[in-house]
Every structure is written in C-alpha cells, then in structure tokens.
Amino acid sequence: MAFDDLLTQKCSILRLASDAKDNYGNKTSAFVPIATDVPCRVTQIKARVVEFRTDKKVSTDRVMVFLRSATDITEHDWLEIDGLRLDVLNVASQISQGASAHHLQVTCEAIKP
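Report follows, based on the coordinates. (Residues numbered from 1 in each chain as written. Predicted model: local features only at pLDDT ≥ 70, side-chain atom pairs only at ≥ 80, totals over all residues. Heavy atoms only, no water.)

## Section: the overall build of the protein chain
The condition is simple: The helix count covers DSSP runs of H or I at least four residues long, the strand count covers runs of E at least two residues long, and both are numbered beginning at the N terminus. Here the term buried applies to any residue with accessible area under 20% of the maximum for its type, exposed to any over 50%, and partly exposed to those in between, with areas from a 1.4 Å probe on protein chains only. In what follows, residue pairs with any heavy atoms lying within 4.5 Å of each other are defined as contacts.
In terms of helices and strands, the protein chain carries one helix and six strands. When the elements of the protein chain are put in sequence order from the N terminus, they spell out α-β-β-β-β-β-β. Residues counted as buried form 30% of the 113 residues belonging to the protein chain. Contacts in the protein chain between residues far apart in sequence, at least 24 positions, make up 53% of those at least 6 positions apart.

Given below as structure tokens:
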C-alpha cells in the first residue's frame, strides 16, 4: 500500500501572520491558514490527561499527525483537523531506506476545557 493511500484525513496549517491587524489598525496575533485540505493521518499517542490550570479542569490529547515530506510546517504553526486546533510540538522527518525524506511525523497537543 502506498503512503498516500494511508492519508485519509484532511487538515489545515495555520501560521502566525506578521502583518495581522485588528479593527483599529493595531498589530495583533492572528493565525491564518497557509494551506488547506492537506492530506494527513492522525493517530492518538497519549490518552487524555486531566490537569488543573487556574482552578479549571482541562484535558490534553497528544496525537501524531503524518504528512507528506514536502509539507511546509514548523513547530510555530497550528494544525486544524475537523474544527479542533492542535498545537504543533515537534516536526520530525522520517528517512526512507534511501537518502531522501519519506514523510513527516508531527507531534501535536490539543487542549480541551
């Protein structure tokens, strides 16, 4: 089975826009899509962990997202899959038996209230 056949889901890659402004013309931190409908595969690597942050219970899910090797993504980006935003923690290039990169393994975390 070819690697592309395993990429059965779609995601969007969001990056911080350096020139984003609010309604008053002030600079703001806004993440904008740089790519949409990117083929991917998502697997959960860590079950939900309940943590306490500022007197609230939240759960975090760690997932591994597999992408094509030529995908433009960094640890400063966010992924959005099925309306859920994922914080990119690590991007690792996986090398095939030859010398070229085969695919990317992206470790992400989703924080849910």
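So, next bit.
## Describing the packing of aromatic side chains
Using the following cut-off: Aromatic pairs are defined between Phe, Tyr and Trp rings, using the six-membered ring for Trp, whenever the two ring centres lie within 6.5 Å; interplanar angles under 30 degrees are classed as stacked, those over 60 as edge-to-face, and all others as tilted.
A full pass over the atoms with the stated rule returns one aromatic pair. A centroid spacing of 6.0 Å and a plane angle of 75° characterise the contact between Phe-31 and Trp-78, whose relative ring orientation is edge-to-face. Taken as a pair, Phe-31 in strand E2 (residues 30–53) and Trp-78 in strand E4 (residues 78–81) lie far apart in primary sequence, 47 residues in all.

## What to know about the pattern of salt bridges
Where we set the bar: Salt bridge, as used here, is a side-chain nitrogen of Lys or Arg placed within 4 Å of a carboxyl oxygen of Asp or Glu.
Scanning the entire structure with this criterion turns up five salt bridges. Two residues, Arg-68 and Asp-4, come together in a salt bridge whose shortest N-O distance is 3.2 Å. Remark: Asp-4 occurs in helix H1 (residues 3–6) and Arg-68 occurs in strand E3 (residues 56–68); sequence separation between them is 64 residues. Judged by relative accessible area, Arg-68 falls into the partly exposed class, the value being 38%. Given the relative accessible area of 40%, Asp-4 is considered partly exposed. Among the ionic contacts, a cluster of salt bridges with common partners joins Arg-15, Asp-72 and Asp-77.

## Some points on unusual backbone geometry
Phi angles above zero are rare outside glycine, and Asp-37 is one such case at about 55°. When you line up the elements, Asp-37 lands in strand E2. One non-glycine residue with positive phi stands out, namely Asp-82, at about 55°. For Asp-82, the location among the structural elements is in the loop between E4 and strand E5 (84–95).

## Remarks on the pairing of E4
A regular strand places its side chains so that they alternate between the two faces of the sheet. Just so we agree on the cut-off: Pairing between strands is defined by DSSP: at least two bridges between the two strands are required.
Residues Leu-79 and Ile-81 line the buried face of E4, whereas the alternating positions Trp-78 and Glu-80 sit on a face that is not buried. As judged from the three bridges shared by strand E1 (residues 9–17) and E4, these two strands associate in the antiparallel manner. When the bridges of E4 are listed, Leu-14 appears paired with Trp-78. Connecting E4 to the next strand, E5, in antiparallel fashion are two residues, including Asp-82 with a positive phi near 55°.

## Section: the nonpolar core
Here is the rule we go by: Residue types Ala, Val, Leu, Ile, Met, Phe, Trp, Tyr and Cys, when buried and joined through side-chain atoms within 4.5 Å, form a set referred to as a nonpolar core.
Of all hydrophobic cores here, the largest spans 16 residues; its most connected members are Val-65, Leu-67, Ile-73, Leu-79, Leu-86, Val-106 and Cys-108. Of all the secondary-structure elements, those providing two or more residues to this core are E1, E2, E3, E4, E5 and strand E6 (101–112). It is E6 that contributes the most residues to this core, four residues altogether. Ile-73 has contacts with Ile-13, Arg-15, Leu-67, Leu-79, Val-88, Val-91, Leu-104 and Val-106, leaving out every residue within four places of it along the chain.

Honestly, that's just the spatial picture; any functional story needs more than this.
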